[in-house]
Amino acid sequence: LLPLQFFLFKHKPALILQFICGLIYFMLFLTAGYYYAQSALQQRLAYKETRVEDTKVIVYIAKINQLGSETIQQEIQVLNRHEQPVQWLSFQKRISDQQAVLELGKYYRLTGEIRPAHSYAVQGVFDLEQWYLQRNLMSGFKLKQIQPLSEAEIYGLGYASHLRKQQTIFKQLQLGIERQRLKIRNFIYIQPLSHKGLILALLTGDESFLDKETTIFFQRFGISHLLAISGPHVLIFAVMFCWLLQKGVNRFYSRIFLIVPRPYLLLLPFFLCVLLYCAFVGFEIPALRTLLSCFCLTALVWFRQKISALTLLLLSASLLLLFDPFSILSAAFWLSYGACFVLLRIYQTTIRLDLSRSQTWQQQLIFALKLLIESQWKIFVALLPLVIIFFKQVSWISPISNLMAIPLIGIVVVPL
């Protein structure tokens, strides 16, 4: 391929030759991607549990739990099942708010029943096995008994290497963020608020206090995506912080802009804010899309390189699939990038209009309303097949409800 590529750069080849070269590269990358995904699948399935049995496991708790109305779900790192730690999902019946729960950064010996995930032969039923695979969960675990273990006991059981690994700066930083998430959850819980569950979900994506009626309401009106932490949440936080930073620099040390141009000075703080927020919400796929897009954009601006918006979006998706090929199994991946593609096409059509002439605020308001209406019905039509494939149902009122919910929540509620 190298001589062929050199020839294409040195000469102006025929269109058929360009097509053949492009087809070769397409097949090459398609084959490489297939075998990469196949290798990742074999590695992940190597530790998947297939039998129901009672067992005792040594576990470490690195993530906060998910509180439901009837159960408490908790991702656990199982240390004694295989030669390396694996992720399971434990669940226990929620009796009261004072019952014993698994604490962050602690080790336990748990007694319970292994509950392997399996798919269903009935079409339209939630595929639990696929969800476990995408989340890197090797099994479910019905928790029956909890026994705390000290670090000395863990050291005596032969897990000193895991103990030392948790003392590294990176692991301590991850644990600190999880503790802050739990602290925010507990802080909001004790506040005299009527919609504390909704506030917690909008800020952190944690739906622990979200009642069933509110969840059904958001699903019925097709606005459940507003509960997922995505681009608007992350960018609002980063923009607010950078605006305050810029005001402070202008007031106390504005001479620095003579040394470093304003956009370059704010690039690093902006990206660090995006990174911090994404870590705070658990690096969910919509937030990861924003993080990878901001990383690519920051690098391109810093090195003064140009790239089209569509190429940037595809580069972000490629990096996400490179880090985690199983993201492609998630509905959030397809819906998130699909919506971004539609919005990108709408933006590209609007910039062709002559917007350089001055407009009154009434004209700007009318233009914004037209843009909002156009984006909503186009997104609804474009994502309709994906919504039917993943959820087997459609909320026909969602274009109308989103017209009111997106400006209200995105412009007013979330910033406040």
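Overview of the structure. Everything quoted here is computed from the prediction, not taken from an experiment.

**Digging into a nonpolar patch on the surface**
Here comes step 1: A cluster of nonpolar side chains, namely Ile16, Phe19, Ile20, Leu23, Ile24, Phe26, Met27 and Leu30, defines an oily patch on the protein surface of about 770 Å² accessible area.
Here comes step 2: Relative to the helices and strands, Ile24 is located in helix α2 (residues 15-45).
Here comes step 3: A residue is classified by how much of its surface remains accessible, and Ile24, at 33% relative accessible area, is partly exposed.

**Re the pairing of strand β4 (residues 86-93)**
Here comes step 1: In this sheet, β4 lies alongside strand β3 (residues 71-78) in antiparallel orientation, the contact comprising 8 bridges. Bridge pairing in β4 places Ile72 opposite Gln92.
Here comes step 2: With 4 bridges connecting them, β4 and strand β6 (residues 139-149) associate as parallel partners. Within β6, the position partnered with Leu89 by the bridge is Gly140.

**Topic: the nonpolar core**
Here comes step 1: Val59, Ile76, Trp88, Leu110 and Phe141 are the most contacted members of the largest nonpolar core, which has 26 residues in total.
Here comes step 2: When contributions to this core are tallied by element, the ones reaching two or more residues are β1 (53-60), β3, β4, β5 (107-115) and β6.
Here comes step 3: With residues near it in sequence (within four places) discarded, Trp88 still touches Glu49, Val57, Gln74, Glu75, Ile76, Val78, Arg81, Ile114, Leu137, Met138, Ser139 and Phe141.

**Focus: the side chain of Thr204**
Here comes step 1: The topology assignment puts Thr204 in helix α7 (residues 196-204).
Here comes step 2: Within polar-contact distance, the side chain of Thr204 engages the backbone oxygen of Leu200 at 2.9 Å.
Here comes step 3: A distance of 3.3 Å separates a polar atom in the side chain of Thr204 from the backbone nitrogen of Asp206.
Here comes step 4: Sequence-distant contacts of Thr204, that is, excluding residues within four places in its chain, are made with Arg181, Ile184, Ile229, Phe280 and Val281.

**Looking at the pairing of β1**
Here comes step 1: Across 8 bridges, β1 lies against β5 in antiparallel orientation. Residue pairing across strands places Glu53 opposite Ile114, the latter belonging to β5.
Here comes step 2: Looking at chain direction, β1 and β3 are connected through 2 bridges and run antiparallel. Bridging across to β3, Tyr60 finds its partner in Gln77.

**Some points on unusual backbone geometry**
Here comes step 1: Of note in this structure, Asn136 is not a glycine but carries a positive phi near 60°.
Here comes step 2: Looking at where Asn136 falls in the secondary structure, it is placed in the loop between α3 (128-134) and β6.

The rules we used
Residues numbered from 1 in each chain as written. Predicted model: local features only at pLDDT ≥ 70, side-chain atom pairs only at ≥ 80, totals over all residues. Heavy atoms only, no water. Patch = residues over 30% accessible without salt bridge, like charges linked within 9 Å, V, L, I, M, F, W, Y side chains within 5 Å. Areas by Shrake-Rupley, 256 points an atom, 1.4 Å probe, with all protein chains shown as cover. Salt bridge = Lys/Arg side-chain N within 4 Å of Asp/Glu carboxyl O. Helix = DSSP H or I, 4+ residues; strand = E, 2+ residues; numbered from the N terminus. Buried < 20%, exposed > 50% of the residue type's maximum accessible area, 1.4 Å probe, protein only. Pairing = 2+ DSSP bridges. Core = buried A, V, L, I, M, F, W, Y, C linked by side-chain atoms within 4.5 Å. Contact = heavy atoms within 4.5 Å. Polar contact = N/O pair within 3.5 Å; in protein donor to acceptor, adjacent residues only side chain to side chain.

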